[in-house]
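# An overview of the molecular structure
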Amino acid sequence: MTDGQQAQLALAHLDKLKLYGKAIRVAPSKHIGVQMPKDGQPDAGLTKDYSNSPLHRFKKPGSKNYQNIYAPSLTLHLSNIPANISEEDIKVAFEEKTGGAVQAFKFFAKDRKMALIQMASLDEAVSALIAMHNYQLGDANHLRVSFSKSTI
């Protein structure tokens, strides 16, 4: 996130959220930037720059993704679904990968590349987003997962 409004949304949506049974704490940093380790310097794997990742959802300035940042919810928005993937394929992948229970599923009527999936609890939905965002569904398709304001 490169913008103060996005940081505020992250703080508002994620502070005190329960994840794996424990509340997480999100607070503003006292530092104005992240200092990346110099080339060749050890960092114990604690610092990584994802800004140039091809799978970064906020890579393109002005992307519609900026307008679709919602608080954690039971319903997740899925996109980049290959045409040959069925509802059952997705439900099985979610349940096997997350251990959570899928309560409902619905492809978008006008675009089967997108769908909504509802998990049984907020903890399961957050865990599913973590586990399934960028999940490889096809040779070149990585699933995009985000929280949705819609319900099924």
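Please refer to the structure placed before this passage.
## A short note on the side chain of S79
Tracing the chain through its elements places S79 in strand β3 (residues 75-79). According to the relative accessible area criterion, S79 is buried, its value standing at 18%.

## Notes on the environment of A27
By the secondary structure assignment, A27 is in the loop between β2 (22-23) and β3. Classification of A27 as partly exposed rests on a relative accessible area of 47%. Placed 12 residues apart in sequence, A27 and D15 show a C-alpha to C-alpha distance of 7.3 Å.

## Points about the environment of D43
Within the secondary structure layout, D43 lies in the loop between β2 and β3. Classification of D43 by relative accessible area gives partly exposed; the value is 26%. Between the alpha carbons of D43 and A140 there is a distance of 32 Å; along the sequence they are 97 residues apart.

## Digging into the packing of aromatic side chains
All chains considered together, the criterion is met by 1 aromatic pair. In this structure, R112 packs its charged tip against the face of F107, placed 3.8 Å from the ring centre.

## Structural notes on the packing of helix α2 (residues 87-98) against helix α3 (residues 122-132)
Between α2 and α3, the shortest axis-to-axis distance is 10 Å and the interhelical angle comes to 100 degrees. Between α2 and α3, the angle is such that the two are roughly perpendicular. Counted together, A93, F94, K97 and T98 of α2 and A128, A131 and M132 of α3 form the full contact between these two elements.

## Notes on the pattern of salt bridges
Oppositely charged side chains can form a pair if their charged atoms are brought close together. Enumeration according to the criterion identifies 3 salt bridges in this entry. Between D15 and K16 there is a salt bridge, with its nearest N and O atoms 3.3 Å apart. Residue class for K16 comes out exposed when judged on its relative accessible area of 60%. Linking R25 and D15 is a salt bridge whose minimum nitrogen-to-oxygen distance equals 2.8 Å. Taken together, the residues R25 in the loop between β2 and β3 and D15 in the loop between α1 (4-14) and β1 (18-19) connect sequence positions 10 residues apart. A relative accessible area of 61% places R25 in the exposed class. For D15, a relative accessible area of 19% gives the class buried.

Scoring rules and cut-offs
Residues numbered from 1 in each chain as written. Predicted model: local features only at pLDDT ≥ 70, side-chain atom pairs only at ≥ 80, totals over all residues. Heavy atoms only, no water. Helix = DSSP H or I, 4+ residues; strand = E, 2+ residues; numbered from the N terminus. Buried < 20%, exposed > 50% of the residue type's maximum accessible area, 1.4 Å probe, protein only. Phe/Tyr/Trp six-rings, centres within 6.5 Å; stacked < 30°, edge-to-face > 60°. Lys NZ or Arg CZ within 6 Å of the ring centre and 35° of its normal. Axes fitted to C-alpha atoms, helices over the stretch in contact; angles between N-to-C directions. Parallel < 35°, antiparallel > 145°, perpendicular 65-115°, else oblique. Contact = heavy atoms within 4.5 Å. Salt bridge = Lys/Arg side-chain N within 4 Å of Asp/Glu carboxyl O.

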